[in-house]
Amino acid sequence: MKRLARFTSVLSPVAAVAAAFLVGGLVVLAIGESPLRIYGILFRGAFGSVDGVGLVLFNACPLIFAGLAVAFAFRAGLFNIGGEGQLYIGSFLCAWAGLSVSSLTPWLAIPLLVVAAAAGGALWASIPGFLKARFGVHEVINTIMMNFIAIGLTSYLVVNVFKEAGQMTPQTPKILASAHLPRLAGAARALGIPLPDANPLNASILIALAAVGLAWFILYRTTLGYEIRAVGLNAAAAENAGINVRRTLVLAMLLSGAFAGLVATNEVMGFRHRFLDNFSGGIGFMGIAVALLGKNTPVGVLLAALLFGVLNTGALEVDVFTDVPRELILVLQAITIILVVVGNEVLTRRLEQRVRPAEATGADGNADAGAATGEAA
Amino acid sequence: MRNVTAVAIVLCLVLTVTGCREPKEAQTEGVFRVGMVFDVGGKGDKSFNDSAYRGLLHAADEFGVEHTEFEPGQDADRETGLRKLAQAKYDVIIGVGFLFSEAMRSVAVDYPNVRFACVDFDVRPDETLPQNLAGLRFREEEGSFLVGVLAAMHTETGRIGFIGGMDIPLIHKFEAGYIAGARHARPSVSTTVAYTGTTPQAFADPAKGKELALLQYGRGVDVIYHASGSTGNGVIEAAKEAGKYAIGVDSNQNYMAPGHVLTSMVKRVDNAVYMTVKSVLDGTFAGGVREFGLADDGIAYAVDQYNEGLITDEMAAAVEEAKAAIIAGSIVVPKE
Amino acid sequence: MAAANAIEMRGITKGYPRVLANDRVDLDVRKGEIHAIVGENGAGKSTLMKILYGLTPPDAGEIRLEGTRLNKHRPSDAIRAGLGMVHQHFMLVDTLTVAENVVLGEEPRVAGIMIDAAAARERVEKLSSQYGFELDPDEYIENLSVGLEQRVEIVKVLYRGARILILDEPTGVLTPQEVSELFVILRALREAGCTIVFITHKLDEVIELADRVTVMRDGRVTGVVEAAETTKEDLARMMVGRDVLLRVEKAPATAGDTVLAVRGLAAVGRKGTKVLEDVDLEIRAGEVLGVAGVQGNGQTELVEVLTGLRKAHAGEVLLGGADVTGLTPRAIRDLGVAHIPEDRQARGLVLEFTVAENLVLGRHHREPFSRRGVLRLDAIREHASELIRENDLRPPDPDVAAGTLSGGNQQKVIVAREFDGEPTLLVASQPTRGVDIGAVEFVHQSLLEMRDRGAAVLLVSAELSEIMTLSDRIAVMYGGRIVATFESGEVDEETLGLAMTGAWTGGATARSDGDRRATPEVTAA
C-alpha cells in the first residue's frame with residue numbers, strides 16, 4: 001500500500017509533465033510551426049551539449065533556493081510569497097559584505113558572504129513572520145508588500161549610494177575577488193567532462209544541493225522540523241502538545257527567508273560578482289511554482305527546479321534560433337507550468353481516491369470515520 | 001532515487017520522439033548574418049529598440065544580409081544568448097542597450113572572429129575595448145539640451161516637465177541636458193521631474209506614463225519631455241488629450257500626435273546600426289568606443305510636417321545657435 | 001395485497017478496492033416496527049443506509065420498498081417511495097422559522113409563485129400536535145435546543161410523506177431527558193403506522209426502544225434478533241466477535257493528597273461573554289472526578305484553562321500546591337499533566353503524522369526522543385513499537401499515518417501516549433466519543449488503572465453512563481458554573497439530567513455558597 005502511494009506521488013508529476021508537453025505541442029501547431037521541430041530545438045538547447053546541461057543546472061540553481069524557501073514555509077502552514085523581496089535583500093547584503101571587506105582569504109570571505117546572504121533573507125522574512133505570529137496578520141499580504149519595499153529599497157541604494165563610479169548600469173562595483181565562487185568548468189574538465197570555460201555554472205549549485213539536504217534534515221530529522229511540520233499540519237494539536245506555535249512560525253519563516261537569501265550565492269557570488277538592480281525578474285515567484293510542483297518536499301523542489309531549468313534553457317534556444325515569437329515562448333512556458341501543476345493535482349486526487357478507501361481499516365471506508373468526527377462536533 | 005530515474009526515463013522518451021528531426025537553421029555557407037539582441041521592451045516600442053531594428057532592416061535591405069533577433073527573458077540569458085549567436089558563427093552581433101555591456105565584454109574576448117557592437121555601451125573609465133567590439137555611445141545630453149531650449153521658449157506658463165522611465169544614471173543624462181538647455185534659454189523656467197519606476201518595467205508602462213503626464217499638466221506644466229521608452233506613448237496621448245505638448249525621444253515621434261508633439265530628441269540608433277553592419281562588410285570595422293553626437297547627426301531634434309507650425313523662427317534660430325555652440329565646444333552640457 | 005416488509009434488501013454487496021464494505025447483506029424491516037441496526041464503526045451500517053437511500057449504487061443485490069423493487073435509484077426516487085432520512089448533522093437554516101424550514105423546497109404555493117405561509121404553518125402545526133413534537137412553527141431555528149432541532153428534521157421528513165424513517169445515530173447529541181422524549185415520539189410514530197430504522201451503537205437504547213435488531217460486523221450481518229429476547233452482552237458479542245466487559249469493575253477509591261485545586265476560576269470567550277464563572281474544584285490523588293453537563297456549558301473551556309490552552313480571567317489553578325495559572329501548555333505538561341482532548345482529530349493527533357510520530361507528540365523534545373535538537377528516530381520507533389504492543393494498537397505498524405486508523409485506534413494512540421508518562425493529573429475530555437465498544441472498554445480500564453496507580457483524574461463526558469460508572473465524585477456544569485456536586489452512587493441519572501439543564505434546585509449535596517467543605521470528600525466505602 002505504501003509502495004502504491006509512493007508510486008502515485010512519482011507518477012502523477014511525470015504524467016502531468018507529459019500532458020503539458022502534449023498541449024504545448026498543440027499550441028505550437030496552432031501557430032503553424034512543427035511541434036517536433038520546436039521541441040527538438042528546445043531539448044537540443046538543454047541536453048544537446050555539455051554546455052547546455054551546465055546551463056540547465058545554472059538556471060535551476062536559483063530556483064532550487066527559491067523553491068526551498070516556499071516549500072519550507074509551506075511545511076509550517078505559511079504561504080511565503082515574499083521570496084523575491086527576501087532574495088533581493090539577501091543579495092544586497094551579500095554584495096555589501098563583499099564590498100566592505102578589503103582582503104580576506106576565501107576560507108573566510110565565502111562563508112562570511114554566504115551568512116550575509118542568508119541573514120538578509122531571514123531578516124526580511126522575519127518581519128511578516130513576526131506580524132503573523134504576534135498579530136495574526138496574514139503573511140501573504142505582508143510578504144507581497146515586503147517585496148515592493150525590498151525592490152524599491154535596493155534599487156534606491158544601488159542607484160544612489162552604491163553605484164559603480166562612472167557607469168550607466170545600476171550596479172555595485174565588483175565584490176572582493178576572494179569571495180567569488182569558482183566556476184565549475186575547471187573541476188568538470190578534471191573529471192573528464194568538457195564543460196566550456198564560459199559556462200556560468202558555479203559552485204553555488206553545490207550549495208544548492210547542500211541546502212536541499214539541509215532542508216530535508218531540518219524538516220525530518222530535527223526537533224524543530226518536527227514541530228514545524230506539526231504546526232503546519234495541525235496547529236491546534238501542536239499547541240495542545242505544548243509546542244510554542246508562534247515561535248515555531250517565526251523560526252520557519254526565518255529559515256524560509258534564509259533559503260531565499262541564498263539565491264545570492266549564485267547571482268552575486270557565482271555569476272555577476274556584484275549586485276545588479278532588478279537582476280532577479282521573478283525568481284522568487286517562480287519558486288512558488290517550483291515548490292508546488294515539487295509537492296513542497298526538498299527532493300521534489302530539486303527535481304522541479306531542474307525541469308524549470310530545462311524549460312528556461314531550451315526556451316532561449318527556441319528564442320534565438322526560430323521565428324517563434326518571444327511571447328509564444330512565454331505562453332508555452334506558462335502553459336507547461338499550469339498544466340504540470342494542475343494536472344499533477346488532478347492526477348494525485350484521482351489516484352488517491354482509488355487508494356484511500358482501501359487504506360481505511362474500517363469496511364465502511366470514509367463513511368464511518370466521518371460519522372465519528374461528526375459526533376465530536 | 002526512483003523519482004530521478006522516472007523523470008529521466010520520461011525525458012529520454014520525449015527526446016527520442018522529438019529530437020529526431022534536425023532543425024533547419026544549420027549553417028548556410030557564404031551568407032552574411034547579423035544577430036540582434038534587444039533591450040527590455042523589445043521590438044515594437046516605437047522608440048529605442050525599434051530604431052535599432054530599423055537600422056538592421058535598412059542594412060538587410062541594402063546588402064541582402066540574413067538576420068535574426070531575440071529578446072532575452074532573464075538577465076543571465078543576455079550573455080548566454082550572445083554566446084549562442086557567436087557559436088552559431090554569426091558575423092556581426094549587436095546588443096541594443098547598456099545592459100549588454102558586461103556580457104559583450106566577456107563574449108567578445110572568447111570569439112575574436114565575430115564582430116560585436118553594443119548600443120549605449122557602458123564604458124569604464126580608461127577601458128580599452130577588444131578589437132572586435134565597438135561601443136556605440138550617444139551624447140543624449142546634447143540633444144536633450146536642444147529640446148530643452150525649445151521647451152523653455154515654447155512654454156506659456158513657464159513650467160516644463162520631464163518624465164523618465166527607470167530611475168537610473170542613463171536617464172539622468174537626458175534630464176540633466178534638458179534642464180540645462182531650458183535654463184540656458186530661459187533662466188526663470190521651473191521644472192518638474194518624475195520617474196515611472198525602479199524596475200525595467202518602467203520603460204513599458206504607458207498607463208503610468210499617461211497618469212504622470214496628466215498630473216503634471218494639471219499643475220500648470222505645458223511641455224513634457226519623456227525619456228521612457230514605450231511608457232512615453234502614454235505621455236504623448238496625455239498631451240493630445242489635455243491639449244498640451246510633449247517631446248518625443250529616440251525615434252521621431254512627431255507623427256504620433258501631430259500638433260501636440262513639440263519635437264523629438266532623435267537618437268539615430270538606426271544610423272549607428274546601419275553603419276556598423278556596413279563597416280564590417282566593407283572592411284572598415286574598428287573596435288573601440290564610438291560616440292555619436294550633434295556634429296555627426298547621430299543626435300538631432302526632429303522638425304517635419306507634423307510640428308513645423310510649432311517651431312517659430314525665433315526658436316529655430318535659438319536652437320541652431322545652441323547647436324553650433326555645443327559643436328564648437330563653447331557650451332559644455334552636463335551629464336548628471 | 002401489501003407486502004409485510006417495509007424494507008427488503010437482499011444480497012447487498014459493495015466493494016471498495018481491497019475492502020468489502022457490504023458482503024451479501026440481507027435486511028428485512030417489517031412494516032410498523034422499530035428496527036435497530038447496530039455495529040461498530042466501520043461495520044458497514046452507513047454504507048448499507050447510503051445504498052438504501054440511493055446515494056451509492058451497490059455492486060450487487062436487490063432492494064424492495066414496500067414490495068416495489070428499486071433499481072439504480074436516486075435519493076429522489078427513495079423519497080418518492082416513502083423513505084425519509086434524518087441525518088446526524090442537521091440541515092436547517094438558522095435564520096428561518098420552523099415552518100419555513102420544514103416546507104423549504106416543497107413550499108405550498110398561492111397562484112404558483114407566492115409561498116402560502118398560512119398553509120405551511122397549518123401543516124406543520126398539524127404534524128406537530130399529531131405526534132407530540134410540541135414545536136412552535138414560528139420560532140426561529142437559532143433559538144431552538146439541539147433536541148428540538150432534531151424534531152424539526154423529523155417533521156421535515158414526515159412533511160415530505162415519509163412512511164419509513166431512517167435515523168442515523170439520533171441520540172448522540174441529546175441529554176437523557178431529550179432522549180426519552182425522542183423515544184416517546186418514535187413510539188407514537190410507530191403507533192401511527194410508521195416504520196423506523198434506527199442506527200446506533202448504544203446498546204441500552206436498543207434494548208429499550210427497538211422491536212428487532214440487526215447486528216453487523218465487518219460488512220456482514222452477524223445476527224438478527226428480537227430485542228425482547230436478547231441482552232446487551234449478546235449484542236456486544238455479535239458486534240465485536242468476542243466477549244466484552246460492559247460493566248467496569250471498579251474498586252473503591254483510596255484518595256490521597258489533593259493534586260488539583262481550582263479556586264474562583266473565570267474565563268471569557270471571544271465576544272467577552274463569560275464562559276467560566278467562579279469555578280471551584282478539587283481532585284485528590286487516586287480519585288476520579290466526573291464533570292457532567294450538556295455540551296457548551298463551560299466544560300471545554302475549563303479543560304482548556306487547566307491545560308494552559310486558554311487564559312484564566314480570574315482565579316487560580318494549583319497543581320500539587322503550586323500555582324500554575326497562566327503557564328504554557330508545555331510547562332503544565334512537564335509538571336505531569338496529561339490531556340485527552342475532546343476532539344481527538346482537531347487537538348489530539350496530527351493525522352498526517354505516523355503513529356510513531358504521534359506517540360511522542362508533546363514529549364518529542366525531551367530525551368530519549370531528541371538529543372541536542374536532533375530527533376532520535378530509533379528511540380521514537382522503539383517507543384512506538386512498545387506502546388503498540390502494550391496497547392494492542394491496530395494495525396501494529398508504527399509507520400502508518402494516524403489518519404488511516406479507525407476512530408477507536410486513534411483514541412488508543414492518544415490514551416497510550418498520555419498515560420505513558422505516569423501523569424499525576426489526567427484530564428480526559430469525552431474520551432470515548434465516537435469510539436467503538438472494544439476501544440471504550442480499553443479506555444475505561446486504562447482510566448481506572450491510572451486512578452489506582454495514584455493519579456488524579458478529571459473526566460469530562462457527555463455520556464452520563466460513563467460519568468456514573470467511572471467517577472468517584474460528580475460535578476455538574478451549567479452556564480459556566482458548577483451547579484451541583486454529588487457522591488457517585490448516591491445520585492441517579494434523572495437527578496443528574498435535571499441538574500444539567502439547570503433545573504435542579506438543590507439538595508443536601510449541592511455545592512452551596514462556595515462552602516466547599518459542605519461537600520463530602522471521601523467516597524462512600
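Residues numbered from 1 in each chain as written. Chains lettered and ligands numbered in written order. Predicted model: local features only at pLDDT ≥ 70, side-chain atom pairs only at ≥ 80, totals over all residues.

Caption draft 1: Representation of the overall build of chain B within the structure. For chain B, the count of helices and strands is 10 helices and 12 strands. Computed over its C-alpha atoms, the radius of gyration of chain B comes to 22 Å, within 12% of the 20 Å expected for a compact globule of 336 residues. With respect to the principal axes defined by its C-alpha atoms, chain B has extents near 70 × 50 × 35 Å. Within the span of chain B, comprising 336 residues, buried residues form 57% of the whole. For chain B, the share of sequence-separated contacts (at least 6 apart) that also reach a separation of at least 24 residues comes to 69%. (Helix = DSSP H or I, 4+ residues; strand = E, 2+ residues; numbered from the N terminus. Rg over C-alpha atoms; globule rule 2.2 N^0.38 Å. Buried ≥ 20, exposed ≤ 12 C-beta atoms within 10 Å, placed from the backbone. Contact = placed C-beta atoms within 7 Å.)

Caption draft 2: Structural detail: the overall build of chain A. The helix and strand inventory of chain A stands at 16 helices and 0 strands. For chain A, the share of sequence-separated contacts (at least 6 apart) that also reach a separation of at least 24 residues comes to 77%.

Caption draft 3: Looking closely at the interface of chain B and chain A. Counting from both sides, the interface comprises 39 residues of chain B and, opposite them, 40 residues of chain A. Listing elements by their share of the side of chain B that touches chain A, those giving two or more residues are helix 1 (2–18), helix 3 (75–87), helix 4 (101–110) and helix 6 (169–185) of chain B. Among the residues making up the side of chain B that touches chain A, the classes are represented as 16 nonpolar, 11 polar and 12 charged. (Nonpolar A, V, L, I, M, F, W, Y, C, P; charged D, E, K, R; others polar.)

Caption draft 4: The arrangement of the chains, seen in detail. Counting contacts across all 2 pairs of chains that touch, the top-ranked interface belongs to chains A and C. No part of chain B reaches chain C; the closest C-alpha pair between them is 20 Å apart.

Caption draft 5: The arrangement of the domain arrangement of chain B in detail. All names here are of chain B. Per the domain assignment, the segments of chain B are domain 1 (29–138 + 270–292) and domain 2 (140–267 + 303–328). For domain 1 and domain 2, the distance between their C-alpha centroids amounts to 28 Å. Contacts between the two partners involve 11 residues from domain 1 and, on the opposite side, 14 residues from domain 2. Top contributing element to the side of domain 1 that touches domain 2 by residue count: helix 2 (residues 48–63), with 3 residues. (Domains from an automatic or database assignment.)

Caption draft 6: Focus on the sheet that holds strand 1 (residues 5–16) of chain C. Residue and element names in this part refer to chain C. In space, the 4 strands of this open sheet follow the order 2-1-4-5, with antiparallel pairing throughout. Here the strands that pair on one side only, and so sit at the sheet edges, are strand 2 (19–30) and strand 5 (68–70). Pairs of neighbouring strands in the sheet enclose a mean axial angle of 20 degrees, with direction left out of account. Docked against the sheet, helix 1 (residues 45–53) engages strand 1, strand 2 and strand 4 (60–65), running at close to 115 degrees with respect to strand 1. (Pairing = 2+ DSSP bridges. Axes fitted to C-alpha atoms, helices over the stretch in contact; angles between N-to-C directions.)

Caption draft 7: Quick peek at the confidence of the model for chain B. Residue and element names in this part refer to chain B. When pLDDT is averaged along chain B, the result is 87, and 91% of the positions lie at 70 or above. Across chain B, the secondary-structure element scoring lowest on mean pLDDT is helix 1, at 43, and the one scoring highest is strand 8 (residues 223–227), at 96. When the criterion is pLDDT under 50, residues 1–27 qualifies, and its contacts beyond four places in sequence or with other chains add up to 31 contacts. As scored by the predictor, the complex reaches a pTM of 0.81 and an ipTM of 0.84. (pLDDT = per-residue confidence, 0-100.)

Caption draft 8: Broad picture of the sheet that holds strand 11 (residues 288–292) of chain B. Residues and elements named next belong to chain B. Taken in spatial order, the 6 strands make up an open sheet running 2-1-3-4-5-11, and their pairing is parallel. Each edge of the open sheet is held by one strand with a lone partner, namely strand 2 (66–70) and strand 11. Direction aside, the axes of adjacent strands within the sheet are offset by 20 degrees on average. The pairing of strand 4 (residues 115–119) with strand 5 (residues 133–138) spans 4 bridges and is classified as parallel. Bridging from a neighbouring strand, Cys118 pairs with Gly135 of strand 5. In this fold helix 3 packs onto strand 1 (33–37), strand 2 and strand 3 (92–96), with an angle of close to 165 degrees to the strand it touches most, strand 3. Across the sheet, helix 9 (residues 269–281) lies against strand 1, strand 3, strand 4, strand 5 and strand 11, angled at about 165 degrees from strand 3, the strand it touches most.

Caption draft 9: The arrangement of the confidence of the model for chain A in detail. Looking at chain A as a whole, the pLDDT averages 86, with 90% of positions reaching at least 70. This model gives residues 355–377 of chain A a pLDDT under 50, and the stretch forms 69 contacts once residues within four places in sequence are excluded.

Caption draft 10: Fine view of helix 12 (residues 263–272) of chain A. Residues and elements named next belong to chain A. By the criterion of burial, helix 12 is predominantly enclosed, with 10 of the 10 residues buried. Listed as buried for helix 12 are Val263, Ala264, Thr265, Asn266, Glu267, Val268, Met269, Gly270, Phe271 and Arg272. His273 lies just past helix 12 and shows a positive phi near 60 degrees.

Caption draft 11: Up close: the packing of helix 2 (residues 35–47) of chain A against helix 3 (residues 50–75) of chain A. All names here are of chain A. Between helix 2 and helix 3, the least distance of the axes is 5 Å, while the angle of their chain directions is 85 degrees. Between helix 2 and helix 3, the angle is such that the two are roughly perpendicular. Touching Gly45, Ala46 and Phe47 of helix 2 are Gly52, Val53 and Val56, all from helix 3. (Parallel < 35°, antiparallel > 145°, perpendicular 65-115°, else oblique.)

Caption draft 12: Structural context of helix 1 of chain C. All names here are of chain C. Along helix 1, 8 of the 9 residues are buried, which leaves the element largely enclosed by surrounding structure. What helix 1 keeps buried is the set Lys45, Ser46, Thr47, Leu48, Met49, Lys50, Ile51 and Leu52. The first or second residue beyond helix 1 is Gly54, which carries a positive phi of 90 degrees.

Caption draft 13: The pairing of strand 7 (residues 190–197) of chain B, seen in detail. All names here are of chain B. Bridge analysis of strand 6 (residues 159–166) against strand 7 gives 7 bridges, and the strand direction is parallel. Residue pairing for strand 7: Ile163 is matched across the bridge by Ala194. Considered for its hand, the β-α-β crossover made up of strand 6, helix 6 and strand 7 is right-handed. (Right-handed = clockwise from strand over helix to strand, strands pointing away.)

Caption draft 14: Representation of the packing of helix 3 of chain A against helix 11 (residues 245–261) of chain A. Residue and element names in this part refer to chain A. In the contact formed by helix 3 and helix 11, the axes pass within 7 Å of each other and the chain directions differ by 170 degrees. One way to sum up the angle between helix 3 and helix 11 is to call them roughly antiparallel. Here Phe65, Ala66, Leu68, Ala69, Phe72 and Ala73 of helix 3 lie close against helix 11, whose contacting residues are Ala252, Met253, Leu255, Ser256, Gly257, Phe259 and Ala260. Classifying every residue of the contact of helix 3 with helix 11 gives 11 nonpolar, 2 polar and no charged.

Caption draft 15: Up close: unusual backbone geometry. In the segment running from C:Glu367 into C:Pro368, the intervening peptide bond is cis, with an omega of 0 degrees. Note that C:Pro368 resides in the loop between helix 12 (355–359) and strand 19 (370–371). Not every positive phi belongs to a glycine, and B:Asp297 is a case in point at roughly 60 degrees. Structurally, B:Asp297 can be placed in the loop between strand 11 and strand 12 (299–301). Using a count of 11 C-beta atoms within 10 Å as the deciding quantity, one classes B:Asp297 as exposed. Despite not being glycine, C:Gln430 has its phi angle at roughly 45 degrees, a positive value. By the element assignment, C:Gln430 lies in the loop between strand 21 (425–429) and helix 15 (437–452). Accessibility expressed as a C-beta count within 10 Å gives 25 for C:Gln430, which makes it buried.

Caption draft 16: Expanded view of the pairing of strand 11 (residues 212–217) of chain C. Residue and element names in this part refer to chain C. Two strands pair when backbone bridges link them, and strand 3 (residues 34–39) and strand 11 are joined in this way by 5 bridges, in the parallel orientation. Bridged to Ala36 within strand 11 is Val213. Relative to strand 12 (residues 220–226), strand 11 runs antiparallel, the two being bridged by 6 bridges. Looking at the pairing, Arg212 lines up with Glu226 of strand 12.

Caption draft 17: Here's a closer look at the environment of B:Val269. Residue and element names in this part refer to chain B. Within the fold, Val269 resides in helix 9. Judged by the 28 C-beta atoms lying within 10 Å of it, Val269 is buried. As a C-alpha pair, Val269 and Leu136 span 133 residues in sequence and 8.7 Å in three-dimensional space. Residues contacting Val269, with those up to four places away along its chain left out, are Phe48, Ser51, Ala52, Gly55, Val119 and Asp250.

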